[in-house]
Amino acid sequence: MELSSEFWWFILIGLGAQLVDGALGMAFGLVSSSVMLAMGIPPAQASAAIHTAEVFTTGASGVSHLVAGNVDKRLFFRLAIPGAIGGAVGAYGLTQLPGDVIRPLIYLYLLVLAIIILARAAGRLMPKGEVKRVPVLGFVAGFLDASGGGGWGPVATSTLLARGGQARTTIGTVNASEFAVTLTVSATFLMSMGLHHLQIVAGLLIGGMMAAPVAALLVKRLKERWVLIAVGVLVLAISLFQIGHALTGYLGR
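For the structure given in this document, a descriptive report is provided here. Please read all numbers here as calculations on a predicted model, not as lab measurements. (Residues numbered from 1 in each chain as written. Predicted model: local features only at pLDDT ≥ 70, side-chain atom pairs only at ≥ 80, totals over all residues. Heavy atoms only, no water.)

## Topic: the overall build of the protein chain
Stage number 1. What the protein chain contains, in helices and strands, is ten helices and zero strands.
Stage number 2. Each helix and strand of the protein chain, placed in order from N terminus to C terminus, yields the pattern α-α-α-α-α-α-α-α-α-α.
Stage number 3. Out of the 253 residues in the protein chain, the part that is buried amounts to 47%.
Stage number 4. Taking the contacts inside the protein chain whose residues are at least 6 apart along the sequence as the reference set, 85% of them involve residues at least 24 apart.
Stage number 5. When the accessible area of the protein chain is evaluated, it comes to approximately 12600 Å², of which 69% is carbon and sulfur surface. (Helix = DSSP H or I, 4+ residues; strand = E, 2+ residues; numbered from the N terminus. Buried < 20%, exposed > 50% of the residue type's maximum accessible area, 1.4 Å probe, protein only. Contact = heavy atoms within 4.5 Å. Areas by Shrake-Rupley, 256 points an atom, 1.4 Å probe, with all protein chains shown as cover.)

What follows is the structure in structure tokens.
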């Protein structure tokens, strides 16, 4: 494989995206796709490469969080198994939900979660204890992730934190269980892709695996309040941007 000068940029993109994702439990795809699209890479090519690289980066992230003691094993299985099933359902397109209608509702939901998380960080909201219906949450987040909504990290992490989950174990467990979801969703595409986009995948993979242990240590050492603030601000920014984008598209028709 002949490497171009852009290969080093892909390593940096993977490094930065995985630092954010591993530390806050979301946004590998959001960060990497935003930068790659700005570089002029076609959306389909960027999406395929990111999806493939995530199989490996989520595995490295999950192992790093497990070694750092950030994974709640009971929560892991309650999330991972339904999440993989939801991902399979979304990947094989067994439903025909109108994505343009559903996605704005998802981001309205995330906007509410962002406000709750920031209120909790400010000490205005007391945690409710153990989160119920975790398997349902895992299924929905996996389905949204596979069907193009990119919902695993934002939906799973935000919901668990808003309902009182401990920041360190919530982020660590969501990252670890994402491997099962991503592997399930990506299996068919990996079989058909062959060696296409290998340079992009390799760059994202190298950068992501370098960042995974660092991000896991950050989650373990940072104060929970600052993690909650960072997650809340990130989810708030994502939801407001996507809602604004949807409204702009609707008004422009």
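That shown, we press on.
## Points about the packing of aromatic side chains
Stage number 1. All told, the structure shown has two aromatic pairs when counted by the stated rule.
Stage number 2. The interplanar angle of 75° and the centroid separation of 5.4 Å between the aromatic rings of Phe7 and Trp8 together place this pair among those described as edge-to-face.
Stage number 3. A relative accessible area of 5% places Phe7 in the buried class.
Stage number 4. Summarising the aromatic geometry, the rings of Phe76 and Phe77 are spaced 5.1 Å apart at their centres and angled 80° between planes, so their arrangement reads as edge-to-face. (Phe/Tyr/Trp six-rings, centres within 6.5 Å; stacked < 30°, edge-to-face > 60°.)

## What about the nonpolar core?
Stage number 1. Of all hydrophobic cores here, the largest spans 40 residues; its most connected members are Leu79, Leu160 and Val231.
Stage number 2. When contributions to this core are tallied by element, the ones reaching two or more residues are α1 (6-24), α4 (73-91), α5 (99-121), α6 (134-146), α7 (152-162), α8 (167-193), α9 (198-221) and α10 (224-251).
Stage number 3. The contact partners of Leu79, leaving out residues within four places of it in the chain, are Val134, Gly138, Trp152, Leu160, Thr173, Val174 and Ser177.
Stage number 4. In this structure, Ile41, Ala49, Ile200 and Leu204 belong to the second largest nonpolar core, which totals 13 residues. (Core = buried A, V, L, I, M, F, W, Y, C linked by side-chain atoms within 4.5 Å.)

## Digging into the packing of α6 against α7
Stage number 1. Here α6 crosses α7 at 155°, and the two axes come no closer than 8 Å. In terms of orientation, α6 lies roughly antiparallel with respect to α7. For the pair α6 and α7, the contacting residues are Val134, Leu137, Gly138, Ala141, Gly142, Leu144 and Asp145 in the first and Trp152, Val155, Ala156, Thr159 and Leu160 in the second.
Stage number 2. For the contact of α6 with α7, the per-class residue count stands at eight nonpolar, three polar and one charged. (Axes fitted to C-alpha atoms, helices over the stretch in contact; angles between N-to-C directions. Parallel < 35°, antiparallel > 145°, perpendicular 65-115°, else oblique. Nonpolar A, V, L, I, M, F, W, Y, C, P; charged D, E, K, R; others polar.)

## Things to note about the side chain of Ser158
Stage number 1. When you line up the elements, Ser158 lands in helix α7.
Stage number 2. A relative accessible area of 0% means that Ser158 is categorised as buried.
Stage number 3. Dropping the residues within four chain positions of it, Ser158 is found in contact with Met26, Leu110, Leu113, Ile117, Gly153 and Val235.

## Description of the packing of α1 against α9
A pair of packed helices is characterised by two quantities: the angle between their axes and the separation of those axes.
Stage number 1. It is the contact of α1 with α9, at a shortest axis distance of 6 Å, that shows an interaxial angle of 30°. Handedness of the α1/α9 crossing: right-handed.
Stage number 2. Split by residue class, the contact of α1 with α9 holds 17 nonpolar, seven polar and no charged. (Left-handed = near helix turned anticlockwise from the far one by under 90°.)

## Examining the environment of Val219
Stage number 1. With respect to the secondary-structure elements, Val219 resides in helix α9.
Stage number 2. For Val219, a relative accessible area of 4% gives the class buried.
Stage number 3. For the pair formed by Val219 and Ala167, sequence separation is 52 residues and the distance between their alpha carbons is 8.0 Å.

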